[in-house]
Amino acid sequence: MGFGVRWTLHGDGRTPAPGAVVRPEERLSWPRTAGLGAQHVVAMFGASFVAPVLMGLDPNLAIMMSGIATVVFLLATRGRVPSYLGCSLSFVGVAAAIRAGGGDSAVVTGAVFTVGAALFLAGLAVQRFGARIIHAAMPPVVTGAVVMLIGFNLAPVTASTYWPQDQWTALLTMLFTGLAVVCLRGFWSRIAIFLGLVFGYAVSWVFDLVFGKIHSTVGGPEAVDHWRLDLSGVGKADWIGLPSFHAPAFEWSAILIALPVVIALIAENAGHIKAVGEMTGDPLDDKLGTAIAADGAASMLSTAVGGPPNTTYSENIGVMAATRVYSTAAYWAAAGFALLFGLCPKFGAVVAAIPGGVLGGITVILYGMIGLLGAQIWLNGRVDLRNPLNLVPAAAGIIIGVGGVKLHFTDSFELGGIALGTIVVITGYHALRYFAPAHLKEQEPLLDSGTSDYDAEGGKRG
């Protein structure tokens, strides 16, 4: 297949026959392929808009680098894994923690660059030793606990930063977004976050017209009078221009906070690759390591110029499931559209103008969903929390991560929150497992959701 940039026309290039699928190496006509690409861009809009804003990074650069990251991923996997790479929400808590400690955007991207490098190396290890290495180091009880503490660690950000800016807009946005997620079907359910943002924009505009300025905190500790929706920056922004770039800066304290996210990204990638393989009918176990490494390389490339990290997006996997069109040509088209959006500063100004109250309503749901993905990993892995071997390290690590417990080593070095919670979960589980009596270890943890089953000799079962 080479680099996966040659496609055969599916049927007549128009509408696939009932029940037919368009495989990764096939495509529809180019106008239809472009339309599918645009649909993929819209599907990733919600999270890719919110994530860089919450991380304090340039949304224009985020969108542009998501297109470049997708191209890197498609080339690395040689067109066998149709996926879109967008800004990862797993790093929002990390960015908040680093900024709370005095770090700026350069320190944030430097820490995340290191995570990308660690993810790249993890992918090479999986490629060399197989998916079994994931199971050995990070069974479901560990990955679930780490994902949970990363998500729930974000709760204070919503409660103290976004929600107080406009509590009533936040409440209405939360209710609308929740209804959209639950009640909408098909493609519309995949862009529920985006619809919530649009609704919040409209509510903020109406409230400004009806009630005038609001007196609340915005970007500082003191309450001031301000408009809920301030679009002054949109009028000043150019239609065409490059986003703002900056080099990363590296600080050990920030790196230690960010590194635990590697665990969440590995679990996330494994699940996505498994889902895509099942949909396309092409087992992708041999591409798992390559996909993880490509994800890490793409994140390194993005953060090296000041952008956010990237990861495969479940929203776009959902679009594929709905349309049954798995053509990688559609993802090349999506990457092209993302590059064009990234070169429009006015588009970035609209994203940057998202009112704080709107973010408050969105993040209440979004952060909670991230945390509860950890519980889903436990369910998929059939983790028995009645077993103290599973319960104790998970319970201790989650409370440390969510509560912001800290260990002070020196005046200039401390461990706390996400970093300390993750260390407690991983080292606690493996240490306790070493000392635990045999009856607590009888039920071996299953493989992470998204990885393949393996027999005792390490070979793959069909």
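Model, not experiment: these values are computed from the prediction.

Reading guide: rules and limits
Residues numbered from 1 in each chain as written. Predicted model: local features only at pLDDT ≥ 70, side-chain atom pairs only at ≥ 80, totals over all residues. Heavy atoms only, no water. Helix = DSSP H or I, 4+ residues; strand = E, 2+ residues; numbered from the N terminus. Buried < 20%, exposed > 50% of the residue type's maximum accessible area, 1.4 Å probe, protein only. Contact = heavy atoms within 4.5 Å. Areas by Shrake-Rupley, 256 points an atom, 1.4 Å probe, with all protein chains shown as cover. Salt bridge = Lys/Arg side-chain N within 4 Å of Asp/Glu carboxyl O. Core = buried A, V, L, I, M, F, W, Y, C linked by side-chain atoms within 4.5 Å. Phe/Tyr/Trp six-rings, centres within 6.5 Å; stacked < 30°, edge-to-face > 60°.

Chemist: Looking at this structure, how should I read the overall build of the protein chain?
Modeler: When helices and strands are tallied, the protein chain shows 20 helices and 8 strands. Taking all 462 residues of the protein chain together, 52% fall into the buried category. Taking the intrachain contacts of the protein chain between residues at least 6 apart in sequence as the baseline, contacts between residues at least 24 apart amount to 78%. On the protein chain, roughly 19900 Å² of surface is accessible, and the fraction owed to carbon and sulfur atoms is 66%.

Chemist: Would you mind showing me how to read the pattern of salt bridges here?
Modeler: Side chains bearing opposite charge may pair, as long as their charged atoms lie close to each other. Evaluated as defined, the whole model comprises 4 salt bridges. Put simply, R23 and E25 hold a salt bridge, and the shortest N to O gap is 3.0 Å. Residue classification places R23 among the partly exposed residues on the basis of a relative accessible area of 28%. The partly exposed category is assigned to E25, whose relative accessible area is 28%. Across the salt bridge formed by D166 and R228, the nearest N and O atoms sit 3.1 Å from each other.

Chemist: I'm lost on the nonpolar core in this one. Help?
Modeler: Side chains of nonpolar character tend, in soluble globular proteins, to be buried together. Counting residues in hydrophobic clusters, the biggest one holds 97 residues, and the most contacted among them are V50, M55, I98, I266, L288, Y367 and W378. A per-element tally of this core places helix 13 (residues 261-280) first, with 10 residues. Residue contacts for V50: discarding those within four places in its chain leaves I193, L197, L359, I362 and L366. Counting 5 residues, the second-largest nonpolar core is a separate cluster that includes V22, L28, V325 and A330.

Chemist: Is there a simple way to explain the packing of aromatic side chains in this structure?
Modeler: The geometry of two aromatic rings is summed up by the distance between their centres and the angle between their planes. If you walk through the whole model with that rule in mind, you get 5 aromatic pairs. On the basis of an interplanar angle of 75° and a centroid distance of 5.8 Å, the ring pair of F113 and F250 is categorised as edge-to-face. Of the two residues, F113 is situated in helix 4 (residues 105-129) and F250 in the loop between helix 11 (232-236) and helix 12 (252-258); the sequence distance between them amounts to 137 residues. Residue class for F113 comes out partly exposed when judged on its relative accessible area of 21%.

Chemist: Sorry, what's going on with the environment of V218 here?
Modeler: On the secondary structure map, V218 appears in the loop between strand 4 (214-217) and strand 5 (223-226). Distance in space between the C-alpha atoms of V218 and D166 is 9.6 Å, their sequence separation being 52 residues. If we ignore the near neighbours within four places in the chain, the residues touching V218 are Q165, V224 and H226.

Chemist: Sorry if this is basic, but what is going on with the environment of L420 here?
Modeler: The residue L420 is located in helix 20 (residues 417-435) in this model. Taking relative accessible area as the criterion, L420 reaches 7% and is therefore assigned buried. For the pair formed by L420 and I400, sequence separation is 20 residues and the distance between their alpha carbons is 7.0 Å.

Chemist: What am I meant to see in the side chain of T312 here?
Modeler: Turning to its location among the elements, T312 is positioned in strand 6 (residues 310-312). For T312, a relative accessible area of 1% puts it in the buried group. Look past the residues within four positions of T312 in its chain and what remains in contact with it is F73, S83, Y84, L85, N269, H272 and D295.

Chemist: Help me understand the side chain of T173, please; the structure alone is not making it clear to me.
Modeler: On the secondary structure map, T173 appears in helix 8 (residues 167-183). Judged by relative accessible area, T173 falls into the buried class, the value being 0%. Contact partners of T173, with chain neighbours within four places excluded, come to G196, F199, G200, V358, G361 and I362.

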